[in-house]
Amino acid sequence: MDQQAIQSIVKEVVSRLTASSVNPHMIPIAVSARHCHLSKSDLEALFGEGYDLTKKADLSQPGQFAANETITIVGPRGSLEKVRILGPARNMTQVEVSQTDSIKLGVKAPLRESGDIKDSAPITLVGPKGSLYKKEGLIIAQAHIHMTPEDADHFNVENGEYVKVQVNGDRPVTLGKVLIRVSPRYKLEMHVDTDEANAGFITGKTMGKLMKGEGNAHD
């Protein structure tokens, strides 16, 4: 058998082994710590007229970044300092915390899809140039998966669908009611909060297996 034939066989064997070891249903998981999104008017109220956020680091989702700026959020029972602002500025202000954070603040933050802040918990925001009381805007973000339409086709899911995600590791967990969010602007990634991450020993390098069967967000 000549050298070219041997190389061809080796290449085919490696290809098959690699294909068999890769699960097409695996999703990268990112841990989302407490943070806030500010409207332009609220940003200026907290930091001064005409103020613009400055970039600390790009986030995985295209066009999104962690800002150098932070604020303090205050509830009836306690406060959380150095809460990171994510940019760019949005059309409404939203603060995302974990259940543990919510207890420390002394508020009952509802579990919501990001962007759904109607009748959510109130919170006071404190910046270097002022403070604001928001009668709504504090939520615990629903675990969700960002994906492109092509990813949705690959995983056979649709926007608004709920799925389960199985995470295997030192402490295996299965997260239910994980919301699918589809947009051409997204990059494939699942977001969980720090409570969920601590429960499953999830770090920035953790992968989860997508499993269908949770229904639709509008059911």
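Owing to the predicted nature of the structure, the values given are computational and were not obtained by experimental measurement.

In the structure shown here, the tally under the stated rule is seven salt bridges. Note that Asp 52 and Lys 40 form a salt bridge whose closest N and O atoms lie 2.6 Å from each other. Here Lys 40 lies in helix 2 (residues 40-47) and Asp 52 lies in the loop between helix 2 and strand 3 (55-58), a separation of twelve residues in the sequence. For the salt bridge of Asp 116 with Arg 112, the shortest nitrogen-to-oxygen distance reads 3.5 Å.

Moving on: helix 2. Turning to helix 2, its buried residues number three or more, namely Asp 42, Leu 43, Leu 46 and Phe 47. All buried residues of helix 2 lie within an arc of 115° about the axis, which places them on one face of the element. Buried residues along helix 2 sit against strand 4 (65-74), strand 5 (79-87), strand 8 (121-127) and strand 9 (130-141). Looking one or two residues beyond helix 2, the residue adopting positive phi is Gly 48, at roughly 115°.

Turning next to the nonpolar core. Within the largest apolar cluster, 23 residues are counted, with the highest numbers of intra-cluster contacts made by Ile 71, Ile 73, Ile 85, Val 95, Leu 125 and Leu 138. Within the residue set of this core, elements represented by two or more residues are helix 2, strand 4, strand 5, strand 8 and strand 9. Broken down by element, the residue count for this core peaks at four residues, all from strand 4. Of all hydrophobic cores here, the second largest spans 20 residues; its members include Ile 29, Val 157, Val 167 and Val 173.

Rules used throughout
Positions within a chain are numbered from 1, following the residues in the order the chain's sequence is written. Local features in this predicted model are restricted to residues whose pLDDT is 70 or higher, and side-chain atom pairs enter the listing and the counts only when it is 80 or higher, whereas totals over whole chains, interfaces and linings include all residues. Note that the side-chain values use all heavy atoms of the structure and ignore hydrogens as well as water. For salt bridges, the criterion is a side-chain nitrogen of Lys or Arg within 4 Å of an Asp or Glu carboxyl oxygen. Helix and strand definitions here come from DSSP, where helices need a minimum of 4 consecutive H or I residues and strands a minimum of 2 consecutive E residues; each element is numbered from the N-terminal end. Three labels apply to residues, based on accessible area from a 1.4 Å probe with only protein chains included: buried if under 20% of the type maximum, exposed if over 50%, partly exposed otherwise in between. Note that the arc is defined by the directions from the helix axis to the C-beta atoms. Should any heavy atoms of two residues lie within 4.5 Å, those residues are counted as being in contact. Grouping buried Ala, Val, Leu, Ile, Met, Phe, Trp, Tyr and Cys residues that are joined through side-chain atoms within 4.5 Å yields what is termed a nonpolar core.

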